[in-house]
Amino acid sequence: MAMDIGPGAGEGADDEVMMDINTTPLIDVMLVLIIMLIITIPVSLHAVRLATPRAAATAPPQPPTEVTLAITAAGGWQWNGEALPDRAALDRRLAALADTPDHALRLQPAADAPYAAVAAVLSSAQRLGVGRLGLGDLVPYAR
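Calculation notes
Residues numbered from 1 in each chain as written. Predicted model: local features only at pLDDT ≥ 70, side-chain atom pairs only at ≥ 80, totals over all residues. Heavy atoms only, no water. Pairing = 2+ DSSP bridges. Helix = DSSP H or I, 4+ residues; strand = E, 2+ residues; numbered from the N terminus. Right-handed = clockwise from strand over helix to strand, strands pointing away. Buried < 20%, exposed > 50% of the residue type's maximum accessible area, 1.4 Å probe, protein only. Axes fitted to C-alpha atoms, helices over the stretch in contact; angles between N-to-C directions. Contact = heavy atoms within 4.5 Å. Expected span 1.5 Å × (residues − 1). Salt bridge = Lys/Arg side-chain N within 4 Å of Asp/Glu carboxyl O.

Student: Would you mind going over the pairing of strand S4 (residues 103-109) in detail, with residue names and values included?
Tutor: Where strand S1 (residues 65-71) meets S4, seven bridges bridge the pair, whose relative direction is parallel. Looking across to S4, one finds that Val67 is bridged to Leu105. Relative to strand S5 (residues 133-135), S4 runs parallel, the two sharing three bridges. Each bridged residue has a counterpart across the sheet, and for Arg106 the counterpart in S5 is Gly134. With helix H3 (residues 115-128) bridging S4 and the parallel S5, this β-α-β connection has right-handed handedness.

Student: So what about unusual backbone geometry? Which residues, and what values?
Tutor: Notably, Asn80 is not glycine yet its phi reads approximately 50 degrees, a positive angle. Summarising the element assignment, Asn80 is placed in the loop between strand S2 (77-79) and strand S3 (82-84). With a relative accessible area of 47%, Asn80 lands in the partly exposed category.

Student: Describe the sheet that holds S5, listing the residues and the values that go with them.
Tutor: With mixed pairing, the five strands of this open sheet are ordered in space as S3-S2-S1-S4-S5. This sheet does not close on itself; its edge strands, each paired only once, are S3 and S5. Strand-to-strand, the axes of this sheet are offset by a mean angle of 30 degrees, without reference to chain direction. Contacts from helix H2 (residues 87-99) reach S1, S2, S3 and S4, with the element oriented near 35 degrees to S2.

Student: Explain H3 to me, and be specific about the residues and the numbers.
Tutor: The terminal C-alpha atoms of H3, which comprises 14 residues, lie 20 Å apart, in line with the 20 Å expected from a rise of 1.5 Å per residue. Summarising the contacts, the buried residues of H3 are in contact with S1, S2, H2 and S4. Directly after H3, the chain includes Gly129, whose backbone phi takes a positive value near 85 degrees.

Student: Which residues make up the pattern of salt bridges, and what are the values?
Tutor: Counted by the stated rule, this structure contains three salt bridges. Close ionic contact of Glu82 with Arg93 constitutes a salt bridge, the shortest N to O distance being 2.9 Å. Here Glu82, found in strand S3, pairs with Arg93, found in helix H2; they are 11 residues apart in sequence, far enough to count as distant. Take Glu82: its relative accessible area is 42%, and that puts it in the partly exposed class. Classification of Arg93 as partly exposed rests on a relative accessible area of 26%. Residues Asp91 and Arg127 are paired through a salt bridge, measuring 3.3 Å at the closest nitrogen-oxygen approach. Of the two residues, Asp91 is situated in helix H2 and Arg127 in helix H3; the sequence distance between them amounts to 36 residues.

See the structure below:
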């Protein structure tokens, strides 16, 4: 049993290199890409219309009016620069502030203010229901 594998080297074999490109894999890849393009184009062009709600143009909310309560180094309180004589006056001011929701209290203790004065303001503000309280311009504790 013999198998014919083409002309041998001595029987008139063609020594030239084959210069043709095998285009079958290239055509297969191009056909796959075209099919994918045909499938995906209608999906991407399909639009869904949604009825979104329209918001009325309103003015932005006003920031709250800020009241500054400074605590001095001697343990006294200053309400927007006005000295308060005692804790009862402080409580009256804080109660009036708690009744107005568009006001905020900004607590500014001095660097060497006693802790008891700061704690008194915080406890009164919590007891009277002050909603907005912020600490501002705190100086780091120095030993």
